Amino acid sequence: RCAALGGFVAPAHLEVPEGIVDEASLARAAAELNRMNSFKAPRDKLVCILNCCRMLNSLLTSRSTADGIGADDFTPLLILAVIRARPASLASNLAYIERYRYHARLVSETQYYYIQLCSAATFIEMMDASSLKVHPDEFIAHMLAAGAMSDEQLAMMQGGSSSGSASAGGAAAAGSPRQHP
């Protein structure tokens, strides 16, 4: 899913304020997430999460405005970093940490960033057009073209969409190889 979203989701889609995103810093944070598979111990995997989140927090702090920064700024940036990173086995790594990390040690900053990453992963998994600042037809067309949307998901979105079959026509016009009755 991250691969399909990677070439499509931009900072503006997640309402990340202009001027906040530094592509080099975002790439370093994404690379840190991808290092999780290099380690076996839950603590080492958590260190990768901490490093990633601290880099993003530093980026936000260095570019903050008079209004300051908060979770409303951090979470979309973390979601963007996860999408850009496309980390292999993210769900398994998070479950592994949950299962095998001594819970008394999963506190404070570590726990906060771990929960933020779990939330970002769930958001990405559940993401649809209404989750982003994007036209539903554009989202559907991109996801169909990337092969990241099933016929069932398309039917559910069309059923919940006010444009109904117009969405299917827009998706078909975008070059989708699927044919719908």
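Residues numbered from 1 in each chain as written. Predicted model: local features only at pLDDT ≥ 70, side-chain atom pairs only at ≥ 80, totals over all residues. Heavy atoms only, no water.

Peer 1: Would you take a moment to explain the side chain of Lys45 for this structure?
Peer 2: With respect to the helices and strands, the residue Lys45 is situated in helix α3 (residues 42-62). Of the side chains with opposite charge, Asp44 lies nearest to the buried Lys45, which makes no salt bridge, at 8.7 Å. In contact with Lys45, not counting residues within four places along its chain, are Met36, Asn37, Phe39, Lys40, Asn93, Tyr96 and Ile97. (Helix = DSSP H or I, 4+ residues; strand = E, 2+ residues; numbered from the N terminus. Buried < 20%, exposed > 50% of the residue type's maximum accessible area, 1.4 Å probe, protein only. Lys, Arg positive; Asp, Glu negative; His and termini not counted. Salt bridge = Lys/Arg side-chain N within 4 Å of Asp/Glu carboxyl O. Contact = heavy atoms within 4.5 Å.)

Peer 1: I'm lost on the packing of aromatic side chains in this one. Help?
Peer 2: Each aromatic ring pair is summarised here by two numbers: the centre-to-centre distance and the angle between the ring planes. For the structure shown, the criterion picks out four aromatic pairs. Ring centres of Phe74 and Tyr113 lie 5.6 Å apart, and the angle between their planes is 35°; on these two criteria the pair is classed as tilted. Linking Phe74 in helix α4 (residues 71-85) with Tyr113 in helix α6 (residues 108-126), this pair joins segments that are 39 residues apart in sequence. With respect to burial, Phe74 and Tyr113 carry one shared label: buried. Taken together through their ring pairs, the aromatic side chains of Phe74, Tyr112 and Tyr113 make up a single cluster. (Phe/Tyr/Trp six-rings, centres within 6.5 Å; stacked < 30°, edge-to-face > 60°.)

Peer 1: Which parts of the structure should I look at to understand the environment of Ser89?
Peer 2: Structurally, the position occupied by Ser89 is in the loop between α4 and α5 (90-100). Between the alpha carbons of Ser89 and Met36 there is a distance of 9.1 Å; along the sequence they are 53 residues apart.

Peer 1: Can you help me understand the side chain of Gln116 in this one?
Peer 2: Summarising the element assignment, Gln116 is placed in helix α6. In terms of polar contacts, Gln116 uses its side chain to reach the side chain of Thr75, at 2.7 Å. When near neighbours in sequence (up to four residues on either side) are disregarded, Gln116 contacts Ala71, Phe74, Thr75 and Leu78. (Polar contact = N/O pair within 3.5 Å; in protein donor to acceptor, adjacent residues only side chain to side chain.)

Peer 1: Would you mind showing me how to read α3 here?
Peer 2: Because each turn of an α-helix spans 3.6 residues, side chains separated by three or four positions end up pointing in the same direction. Relative to the 30 Å expected for 21 residues at 1.5 Å per residue, α3 spans 30 Å between its end C-alpha atoms, a close match to the ideal helical length. Within the sequence span of α3, burial applies to Pro42, Lys45, Leu46, Cys48, Ile49, Leu50, Cys52, Cys53, Leu56, Leu59 and Leu60. Among the structural elements, α2 (23-34), α4, α5 and α6 are those in contact with the buried residues of α3. (Expected span 1.5 Å × (residues − 1).)

Peer 1: Can you walk me through the packing of α2 against α4 in this structure?
Peer 2: Angle between the axes and distance between the axes: these two values describe a pair of packed helices. Here α2 crosses α4 at 65°, and the two axes come no closer than 8 Å. Relative to α4, the element α2 is oriented roughly perpendicular. Between α2 and α4 lies a crossing of right-handed hand. Residues Glu23, Leu26, Ala30, Leu33 and Asn34 of α2 form the contact with α4, whose participating residues are Leu77, Leu80, Ala81, Val82, Arg84 and Ala85. (Axes fitted to C-alpha atoms, helices over the stretch in contact; angles between N-to-C directions. Parallel < 35°, antiparallel > 145°, perpendicular 65-115°, else oblique. Left-handed = near helix turned anticlockwise from the far one by under 90°.)

Peer 1: Help me understand helix α7 (residues 136-145), please; the structure alone is not making it clear to me.
Peer 2: Within α7 the residues assigned to the buried category are Phe139, Ile140, Ala141, Met143 and Leu144. Positive backbone phi, at 75°, marks Gly147, one or two positions downstream of α7.

Peer 1: Please explain the packing of α4 against α6 as it appears in this structure.
Peer 2: In contact at an axis separation of 9 Å, α4 and α6 are set at 60° when each is read in the N-to-C sense. Here α4 lies oblique to α6, going by the angle between them. Crossing handedness for the pair α4 and α6: right-handed. In this structure, α4 uses Ala71, Phe74, Thr75, Leu78, Ile79, Val82 and Ile83 to contact α6, whose residues at the interface are Tyr112, Tyr113, Gln116, Leu117, Ala120, Phe123 and Ile124. A class-by-class count of the residues in the contact of α4 with α6 yields twelve nonpolar, two polar and no charged. (Nonpolar A, V, L, I, M, F, W, Y, C, P; charged D, E, K, R; others polar.)

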